[in-house]
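Single-letter residue listing:
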Amino acid sequence: IINEVLNMKSTDEINELAKELNRAFKLTRKNLNDKKKFEFMAGDKVVITTQKNGIEYGEIEKVRRSKAEVSINGTTFLVPFSIMELSKVHRDNFIN
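Treat the numbers as computed from the prediction; the structure is a model and nothing was measured.

Reading the values: the criteria
Residues numbered from 1 in each chain as written. Predicted model: local features only at pLDDT ≥ 70, side-chain atom pairs only at ≥ 80, totals over all residues. Heavy atoms only, no water. Phe/Tyr/Trp six-rings, centres within 6.5 Å; stacked < 30°, edge-to-face > 60°. Helix = DSSP H or I, 4+ residues; strand = E, 2+ residues; numbered from the N terminus. Buried < 20%, exposed > 50% of the residue type's maximum accessible area, 1.4 Å probe, protein only. Salt bridge = Lys/Arg side-chain N within 4 Å of Asp/Glu carboxyl O. Core = buried A, V, L, I, M, F, W, Y, C linked by side-chain atoms within 4.5 Å. Contact = heavy atoms within 4.5 Å. 1 Å grid on protein atoms, 1.4 Å probe; cavity = no way out; pocket = protein on both sides within 12 Å on 5 of 7 lines; lining within 4 Å. Points joined across faces, edges and corners; volume = space filled by probe spheres on them. Pairing = 2+ DSSP bridges. Axes fitted to C-alpha atoms, helices over the stretch in contact; angles between N-to-C directions.

1. Here's the deal with the packing of aromatic side chains
What characterises a pair of aromatic rings is the spacing of the ring centres plus the angle enclosed by the ring planes. Evaluation of the coordinates by the stated rule reveals one aromatic pair. The interplanar angle of 15 degrees and the centroid separation of 5.6 Å between the aromatic rings of Phe40 and Phe81 together place this pair among those described as stacked. One end of the pair, Phe40, is in the loop between α2 (11–37) and β1 (45–50); the other, Phe81, is in the loop between β4 (75–80) and β5 (84–86), and 41 residues separate them in sequence. Considered together, Phe40 and Phe81 belong to a single accessibility category, that of buried residues.

Shown next as C-alpha cells:
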C-alpha cells in the first residue's frame, strides 16, 4: 500500500484510496461487533475496561444492536460491546 501511495500522481487518487480504506475499516469493525453481539445475553456477568474508570464488573440487563444495558453497582449504563468481555466468574458466584 505504501508503494502504491508513493506512486500516486495526485491528491485525488490519495483521497479516493483513503475513502476505500475507511469503508473497509468500518465494514470490518461492524462485522467484528456483529459477531461479538451474539456472545452476550441478559444475565451474563461482564468485565468492562475503560481508560477513565479502569476495570468495572457488571451484569447485562438487555442486549441492544451495538451496546448493552449493564448494571454496575446498581446503576444502569449503555456499554459498547467493544469494551466488554464475559466474566470468568460463574454467574452464581458474582457479587455486584
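2. Notes on the pattern of salt bridges
Considering all chains together, one arrives at three salt bridges under this definition. A salt bridge links Arg23 to Glu16; the shortest N-O distance between them is 3.9 Å. Here Glu16 falls in the partly exposed class, since its relative accessible area comes to 37%. Where Arg64 meets Glu69, a salt bridge forms, and the shortest distance between an N and an O atom there is 2.7 Å.

3. A look at the nonpolar core
Listed in full, the 10 residues of the largest apolar core are Phe40, Val46, Ile48, Ile60, Ala68, Val70, Ile72, Val79, Phe81 and Met84. Of all the secondary-structure elements, those providing two or more residues to this core are β1 and β3 (67–72). Phe40 has contacts with Val46, Ile60, Val63, Phe81, Met84, Glu85 and Leu86, leaving out every residue within four places of it along the chain.

4. Some words on the layout of surface pockets
Size it by volume and the largest pocket reaches roughly 170 Å³. Secondary-structure elements contributing two or more residues to the lining of the largest pocket are β1 and β4.

5. Describing the sheet that holds β1
One open sheet holds the five strands; their spatial order is β4-β3-β2-β1-β5, and the pairing between them is antiparallel. Of all the strands in the sheet, the pair left with one neighbour each is β4 and β5. Put simply, the sheet's adjacent strands are angled 45 degrees from each other on average, direction ignored. In the sheet, β3 pairs with β4 via six bridges, with the strands oriented antiparallel. Within the sheet, the bridge partner assigned to Ile72 lies in β4 and is Thr75.

6. Structural notes on the pairing of strand β2 (residues 54–63)
Pairing between β1 and β2: six bridges, direction antiparallel. Looking at β2, one finds that Thr50 is bridged to Gly54. The hairpin formed by β2 and β3 contains three residues between the paired strands.

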